[in-house]
Amino acid sequence: MHALLLNNGLLDQPILLIEPHRSPQGIWRIKFAYDDFEPLSMDAQQASQLAISLHGIGEDELAGEIDDAIERAAHYETM
């Protein structure tokens, strides 16, 4: 999982919160918040691919949190 997170621009640290957020350009992204580090974000497509890969290695809880954030971002985008 370490390499998968790093390859997607994330830290191999405990993630406190995964949520949708809108960039200054108005694009919905997925934000990953850490305790001791600045939050990192990625576009929904990359987050979706990450979730698929996480499901593939049995990391279903983390993958599910990402899936939920992607669904909320898609919902907010339609508003």
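Before reading on, note that the structure itself is shown above.
Residues numbered from 1 in each chain as written. Predicted model: local features only at pLDDT ≥ 70, side-chain atom pairs only at ≥ 80, totals over all residues. Heavy atoms only, no water.

Draft legend 1. Molecular detail of the environment of Leu-11. Secondary-structure assignment places Leu-11 in the loop between α1 (2-7) and β1 (15-22). Considering only alpha carbons, one finds Leu-11 and Trp-28, 17 residues apart in sequence, at a separation of 21 Å. Other than its neighbours up to four places away in sequence, Leu-11 contacts Leu-5, Tyr-34, Phe-37 and Leu-40. (Helix = DSSP H or I, 4+ residues; strand = E, 2+ residues; numbered from the N terminus. Contact = heavy atoms within 4.5 Å.)

Draft legend 2. Main features of the pattern of salt bridges. Enumeration according to the criterion identifies one salt bridge in this entry. With a closest N to O distance of 3.1 Å, Lys-31 and Glu-19 form a salt bridge. Of this pair, Lys-31 sits in strand β2 (residues 28-34) while Glu-19 is found in strand β1, placing the two residues twelve residues apart along the sequence. By relative accessible area, which is 25% here, Glu-19 ends up partly exposed. (Salt bridge = Lys/Arg side-chain N within 4 Å of Asp/Glu carboxyl O. Buried < 20%, exposed > 50% of the residue type's maximum accessible area, 1.4 Å probe, protein only.)

Draft legend 3. Main features of the layout of surface pockets. Computed from the structure, the largest pocket encloses a volume of approximately 150 Å³. Along its surface, the largest pocket is lined by Met-1, Leu-5, Asp-12, Gln-13, Pro-14, Ile-15, Glu-59, Asp-60, Glu-61, Leu-62 and Glu-65. It is helix α3 (residues 60-77) that provides the largest number of residues to the lining of the largest pocket, a total of four residues. Class assignment of the residues belonging to the lining of the largest pocket gives a composition of five nonpolar, one polar and five charged. (1 Å grid on protein atoms, 1.4 Å probe; cavity = no way out; pocket = protein on both sides within 12 Å on 5 of 7 lines; lining within 4 Å. Points joined across faces, edges and corners; volume = space filled by probe spheres on them. Nonpolar A, V, L, I, M, F, W, Y, C, P; charged D, E, K, R; others polar.)

Draft legend 4. Up close: the sheet that holds strand β3 (residues 40-43). Read across the open sheet, the three strands follow the order β1-β2-β3; overall the sheet is antiparallel. The open sheet has two edge strands with one neighbour each: β1 and β3. Here the strands of the sheet are splayed against their neighbours by 25° on average, with no regard to which way each runs. As judged from the four bridges shared by β2 and β3, these two strands associate in the antiparallel manner. Looking at the pairing, Arg-29 lines up with Asp-43 of β3. Across the sheet, helix α2 (residues 44-56) touches β2 and β3, and the angle it forms with β3 is around 95°. Where α3 meets the sheet, its contacts fall on β1 and β2, and the angle it forms with β1 comes to roughly 20°. (Pairing = 2+ DSSP bridges. Axes fitted to C-alpha atoms, helices over the stretch in contact; angles between N-to-C directions.)

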